[in-house]
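# Commentary on secondary and tertiary structure
Listed here are the chains, written in short residue letters.
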Amino acid sequence: MIPELPGLLQPWGILLVALVWAVAFGLAYGWQRRRGGQPKAHLDVVALGVLAVLTAGFFWRPLSERAVMMPEGGGDIASFYYPTYVYAAAQIKEGALPLWNPHLWSGMPLAADVQSGLFYPLNWVLYLFVQVDYGSLEWLLIFHYWLATAFTYLFLRDMGVGRVASVAGGVVYAFCGFMTAHLGHLPMVPVATWIPAALLALRRAFLVPGPGGWAWAVGAGVCLAMSLLAGHVQIFSYGMMAVGLLWVYLLFSRRRLERANALRWVGKGAVAVAAMLGLGAIQLLPSLQLGSESIRSTISFEEAGAFSAQPITLLNMLLPRVYGGDPSSYVPSAWQSTENWGYAGVVTLALAGAGLVLRRHRMVGFFALLAALALLIMVGDLSIVGGWIYKTVPGFGALRSSGRALVLLGLALAGLSAFGLDALTNSLKGDRADRRRAMWWLVALSVVLGVAVFIVAPLFYAQLLLLGGSEYSRLPNAVNDLGMLIVWLGATVALGWAAFARRISVGAMTVAIAVVLVLDIFSPNSRFNPTTDNLLAGYEHYSARSLIYKGTQDRTTNVPWRSDGDADAQNAWQPSTPLLMSSDPEVPLYDTGGAFNPLKLRRYDYLWYIAKTNFDTPLYDLTGARYRIVSPRTELTNTLKWRLVERYNGFHIYENANVLPRLYLVHESRIEPDGFTTVESIRNFNVDAKHIVLLESGEERLSETRGTAEYPAGQPGPESVVARRYAPQEVVIEVNAQEPGWVVLTDAWYPGWEATIDGRSVPVQIAYHAYRAVKVDAGQSTITMQFRPASWEWGRLITILSVLGVAAALVVLLVVPWWVLRRERARAAGE
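Quick notes on the rules
- Residues numbered from 1 in each chain as written.
- Predicted model: local features only at pLDDT ≥ 70, side-chain atom pairs only at ≥ 80, totals over all residues.
- Heavy atoms only, no water.
- Helix = DSSP H or I, 4+ residues; strand = E, 2+ residues; numbered from the N terminus.
- Buried < 20%, exposed > 50% of the residue type's maximum accessible area, 1.4 Å probe, protein only.
- Contact = heavy atoms within 4.5 Å.
- Areas by Shrake-Rupley, 256 points an atom, 1.4 Å probe, with all protein chains shown as cover.
- Pairing = 2+ DSSP bridges.
- Axes fitted to C-alpha atoms, helices over the stretch in contact; angles between N-to-C directions.
- pLDDT = per-residue confidence, 0-100.
- Salt bridge = Lys/Arg side-chain N within 4 Å of Asp/Glu carboxyl O.
- Expected span 1.5 Å × (residues − 1).
- Phe/Tyr/Trp six-rings, centres within 6.5 Å; stacked < 30°, edge-to-face > 60°.
- Bend = angle between axes of the 7 residues up to and from the residue.
- Parallel < 35°, antiparallel > 145°, perpendicular 65-115°, else oblique.
- Nonpolar A, V, L, I, M, F, W, Y, C, P; charged D, E, K, R; others polar.
- Left-handed = near helix turned anticlockwise from the far one by under 90°.

## A closer look at the overall build of the chain
The helix and strand tally for the chain stands at 27 helices and 17 strands. Per-residue burial for the chain yields a buried fraction of 56% across its 831 residues. Long-range pairs, those at least 24 residues apart, make up 76% of the contacts in the chain with a sequence separation of at least 6. Carbon and sulfur atoms provide 61% of the accessible area of the chain, an area that totals close to 34,500 Å².

## Some thoughts on the environment of leucine 290
If you trace the backbone, leucine 290 turns up in helix H12 (residues 259-293). For leucine 290, a relative accessible area of 0% puts it in the buried group. On a C-alpha basis, the gap between leucine 290 and alanine 112 in space is 6.3 Å, while along the polypeptide they are 178 residues apart. The residues touching leucine 290, leaving out its near neighbours within four places in the chain, are Pro109, Ala112, Asp113, Leu599, Leu601 and Tyr750.

## Looking at the sheet that holds strand S13 (residues 753-757)
With antiparallel pairing, 5 strands are arranged side by side in an open sheet as S10-S11-S17-S13-S14. Looking at which strands have only one partner, the edges of the open sheet turn out to be strand S10 (720-727) and strand S14 (760-762). On average, adjacent strands in this sheet sit at an angle of 25° to one another, irrespective of strand direction. The pairing of S10 with strand S11 (residues 730-737) spans 7 bridges and is classified as antiparallel. Residue pairing across strands places serine 720 opposite asparagine 736, the latter belonging to S11.

## Some words on the confidence of the model for the chain
Detailed reading of predicted coordinates is not advised where the pLDDT is low. Averaged over all residues, the pLDDT of the chain is 88; the fraction at 70 or higher stands at 89%. Of all helices and strands in the chain, the one with the weakest mean pLDDT is helix H19 (residues 469-472) (48), whereas strand S16 (residues 771-776) scores best (98). Ignoring residues within four places in sequence, the model shows residues 326-334, a span with pLDDT below 50, making 23 contacts including any to other chains.

## Quick word on the sheet that holds strand S4 (residues 625-630)
Ordered in space as S3-S4-S6-S5, the 4 strands form an open sheet in which the pairing is mixed. In the strand order of this sheet, the two ends are held by strand S3 (562-564) and strand S5 (642-648), each with one partner. Ignoring strand direction, the axes of neighbouring strands in this sheet form an average angle of 25°. Here S3 runs beside S4; their pairing, made up of 3 bridges, is parallel.

## Remarks on the pairing of strand S7 (residues 663-666)
Burial along S7 is two-sided: Leu663 and Leu665 facing one way and Tyr664 and Val666 facing the other are all buried. Of the strand pairs in this sheet, S7 and strand S12 (residues 741-745) are connected by 4 bridges, and their pairing is antiparallel. In the sheet register, tyrosine 664 faces S12, and the bridge partner there is valine 744.

## Quick word on the pattern of salt bridges
Counting across every chain of the model gives 22 salt bridges. The shortest N-O distance in the salt bridge between arginine 437 and aspartate 434 comes to 2.0 Å. Linking arginine 437 with aspartate 434, this pair stays in helix H18 (residues 432-467), spanning 3 residues, or about one helical turn. Of the residues examined, arginine 437 reaches a relative accessible area of 30% and is grouped as partly exposed. Residues participating in the shared-partner salt-bridge network are Asp44, Arg157 and Arg163.

## Digging into helix H7 (residues 163-174)
An α-helical turn contains 3.6 residues, so a residue and the one three or four places further along point in the same direction. Between its first and last C-alpha atoms H7 spans 16 Å; for 12 residues at 1.5 Å apiece the expected length is 16 Å, and the two agree. Summarising burial for H7: 10 of the 12 residues are buried, a large majority. Along H7, the residues that are buried comprise Ala165, Ser166, Val167, Ala168, Gly169, Gly170, Val171, Val172, Tyr173 and Ala174.

## Focus: the environment of glycine 365
In this fold, glycine 365 is placed in helix H15 (residues 362-378). The spatial distance from the C-alpha of glycine 365 to the C-alpha of tyrosine 249 is 8.7 Å, given a sequence separation of 116 residues.

## Notes on the packing of aromatic side chains
Per the stated rule, a full pass over the model turns up 35 aromatic pairs. Taken together, a centroid distance of 6.2 Å and an interplanar angle of 50° make the contact between tryptophan 100 and tyrosine 750 tilted. With tryptophan 100 in strand S1 (residues 100-101) and tyrosine 750 in the loop between S12 and S13, this residue pair connects regions lying 650 residues apart in the sequence. Judged by its relative accessible area of 1%, tryptophan 100 falls in the buried class.

## So, the pairing of strand S17 (residues 779-787)
Relative to S17, S11 runs antiparallel, the two being bridged by 8 bridges. Paired with isoleucine 733 across the two strands is isoleucine 783, which belongs to S17. Here 5 bridges tie S13 to S17, and the two strands are oriented antiparallel to one another. Considered in S17, the bridge of isoleucine 757 is made with isoleucine 783.

## Examining unusual backbone geometry
Of note, the amide linkage connecting methionine 70 to proline 71 takes the cis form, showing an omega dihedral of -5°. Of note in this structure, asparagine 558 is not a glycine but carries a positive phi near 65°. Exposure remark for asparagine 558: the relative accessible area of 36% places this residue in the partly exposed category. A positive phi angle, near 55°, is found at tyrosine 768, a position not held by glycine.

## Some points on the side chain of threonine 784
Within the fold, threonine 784 resides in strand S17. With near-sequence residues (within four places) excluded, threonine 784 lies in contact with Glu730, Val731, Val732, Glu754, Ala755 and Thr756.

## Digging into the environment of leucine 246
Counting through the fold element by element, leucine 246 comes out in helix H11 (residues 233-251). Discounting chain neighbours no more than four positions away, the residues touching leucine 246 are Leu199, Leu202, Arg203, Met363 and Phe366.

## Topic: helix H4 (residues 75-93)
The terminal C-alpha atoms of H4 lie 27 Å apart, and with 19 residues this matches the ideal 27 Å at 1.5 Å per residue to within 8%. When the local axis directions of H4 are compared, the greatest deviation, roughly 45°, occurs at tyrosine 81, which is followed within four positions by the proline proline 83. Two residues or fewer past H4, glycine 95 is found with a positive phi of approximately 90°.

## Notes on the packing of helix H14 (residues 346-358) against helix H21 (residues 506-525)
Packing of H14 against H21 brings their axes to within 8 Å, and their N-to-C directions diverge by 135°. With respect to H21, the element H14 is oriented oblique. Counted together, Val346, Val347, Thr348 and Leu351 of H14 and Ile513, Val516, Leu517, Asp520 and Ile521 of H21 form the full contact between these two elements. A breakdown of the residues in the contact of H14 with H21 according to their chemical character gives 7 nonpolar, 1 polar and 1 charged.

## Side note on the packing of H7 against helix H17 (residues 406-429)
Relative orientation of the contacting elements H7 and H17 amounts to 160°, with a least axis distance of 8 Å. Here H7 lies roughly antiparallel to H17, going by the angle between them. Of the two possible hands of crossing, H7 and H17 adopt the one that is right-handed. Where H7 abuts H17, its residues Ala165, Ala168, Gly169, Val172 and Tyr173 lie against Val407, Gly410, Leu411, Leu413, Ala414, Ser417, Ala418, Leu421 and Asp422.

This is how it looks when you write it as C-alpha cells:
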C-alpha cells in the first residue's frame, strides 16, 4: 500500500495555512502602520507566501495525486532514513532515548550516528506529536525546501535586494540541481537550509553596533548548531566554509578597520563558534567517537575525490539532460549522477553575469569568491587545492564526493542572480548611463544566444552524430535541452529589450523574468522526484517476516538469532527491514547487515565482509545468521549446511544448520591482538569458536570442559547462560558455570558498553576482534551490560549548560537593554 501525504493536504489543512499566513500579514501590517517609516514587513510576508505557493508548485504531483511518492528510486530516504526515523520515534514515544541500535550490523550506535538527526529540534516535532511514516518524512522535506527559500530571501533582503529579485534568489538556492537531486539524502536538505540563515546572522553581527551585534553573533552560532544537528557532516562542513569565508571577507572588506573593531569582530566570531560547539556537543562528541571507530576513519584521497564534478560535467549547467534523462540513479552515464547534478537554470547564469557586471555592492564579491571556492572543491583531484584541503583541513580527510560542493555554487548563483535581476531593474529605471550599461548586458546576452544557436549547437550535435553508439543516444535529450535553452534565454532577452524600449514597464519585466527563471529551474529539476512506484514494497513481505521471526527465536538463551539480508536480494528485500519492524516490540528482528552506512563499525565490518564472502565457514556461523536471504538466481549448494526454507517473489530464504547461538559460555581462551589472524584462524577452521574465545588482551586459559555451544540442540549440558533481559541498551544475563570462563555475546563491541557481575564492575573484553566477552567465575552470577558512553554523558551536560548560557546571553544582550531604555523613556516622559 502506497501512503499519501497526510494532514495539510486536506482542505482544512490548506485553510489552516491560509489562516496562519493571514494572521502573520495582519500583525506585520499593524506593526508597520504603528511605526511609520519602517520597512514594509507585510509585503515580506506576502513574498514568503509566494515562496510557499512556489514550493507547493514544485511538488505538485505528490501533493495533489494519489499514490505518488518521492523521490524516484527511493534513494537513501526509503532504504536508510525511513526505518531509522521510525525506530527513533518508537523508542522516544516509549520514553527511551535510542543510543544503541541492536537490529542492524550486529549492533551499532544510533544517537552517535549524526545521520540519524536524533537531536535536531525540528525532528522532535515528528517524534513527539506525529505518527512517523514515509509521508511525514516527505512533509518534513517539503517544509525545509520552503524554509530554505525563506532564509535565502531574508538574507538577500537584508543586503538591500528587491523583493522580487530576493524571491528569485530563494528559488534558485532551494531548487537548484544540488538541492533537488539530493532529496533522497534526507539530512542534506535540512543542513543546507540553515546555511543562508547563519550567513544572515553573521552579517548582522558585523553591521549592528552594541549588544545587538553580539546577540546576532550568538544567533549565528544557533543557526550553525541547527545545521550540525540536522545530520550531514559534509554539507555542514561546506556551510562552515561559507561562514568562514564571509567572516574573513567582512574583516578585510574595509580598507581601514580600527584595531578595536577588528578585535570585536574576532570576538564575535569566537562567540558564534563557541555557541555552535556548545549547543551541538550532544551530537558532536558521540559522533567524533563513532567516527574514530567507523570505516570512515580513514579513506584515501582517491575515495575523497570520488563523484567530482569535473569540468566536462558542468555542461549540465546549460543542458540538464545531456548526460542522461535524470539523476535518480548514481551512474546513469559516465559524466552524470546524483552527486553532480548541478542545473540551476540558464536564466540564473545570465542574471549572475549581470550581477557581476551591473551591481556594485560589497556582497557581490563574496558570492563571486564563494562560487570560485565551490568550483575549486568540486573538480576533486583535477585541482591540487582539493588535495591541500584533504590533507590540512581537519575532518575533510574523512569526506568523499567532492561534487557535493555544488551546494556552495547553488548559493553563490542565488546571490549573484538576485543582485543581477535587481541591478537590471534599477539600471533600466536609472539615468542614461545606467540604461546604457543595461543595454550592453542585453547585447552581450543576445550574442551568447546567437552563438549558442548558430555555432556551438551545430558543432556539438555533429560530434554526437559522428560518435554514434551510446553517445548518439544522448542526441534527443541534447536537442530538447538546447530548444528549452533558446526559449528561456530568448524570453529573458526579449523582456529586457521590451523594457529598454519602453514597450513594457520595468516592474512588469522584473516579475516576468522571475517567472521565466522559476519555469527554467522547475522544468527539469522536478521531473525525477515524483514516482508512482511503491517505494516501500521491499518492506512489505509479511509472510517472510513472520517466518524469520519465528525461526530466529532461541528459547535456550533468549537471545534471537539473526538473518542475513546483506546478500544479493536487496532489490526485493529491504535490508533495513529489521529496524523498521523494531517499532513493534512484539516481533523484533535482527540482522548481520543493513542498508549501507558509511559509519558502520570498522572492526565488525572487516569480520562481516570476510564472513559473508565465505559463508560455508565457521566464521559465518559465528555471526549468528540463521537465515540467508538471496536472489532466486543464487543457489547454496552445501546441502549439509543450507536448507531452502521458502521461495518468495524476488528472493529465497535458506536456513543455516550450523549457526552458533549468539550467547554462550566457553572456558578456554587465547590472546590474539591481530584482527587479521583472528578472522583467518576461524575462517580456516583452525579455531573452534564454540570451545575457545580469542581475546585481544587479558588472560589465557586452557580447559577441556565443553562450552554451552558444544552441546547438541535440545540437549543442554550442566551449565547455562540465559538472557533475562535483552533490550537495546541493556542486557541482563544469568550464568551458571562449573568453572571460570567467558560469556560471549556476538553483538558488536564498542566503547561505552559497561558490565557488572552481581554489582561488581568488570571490563567488557573484545572477543573475536569484533564481539563482546565478560569473564565469570565458577558458580551462579548475573551479568548486566549497559550502554553508557562517556561521550554522550559529557555531550549532554555541555549542551544543557550551553542552552542555559545562550538563553541568559540573549536576555542580557536584548531584554535588559530594552528594559533599561523603556525605563529611561518613561522617566523622561514623567519629567
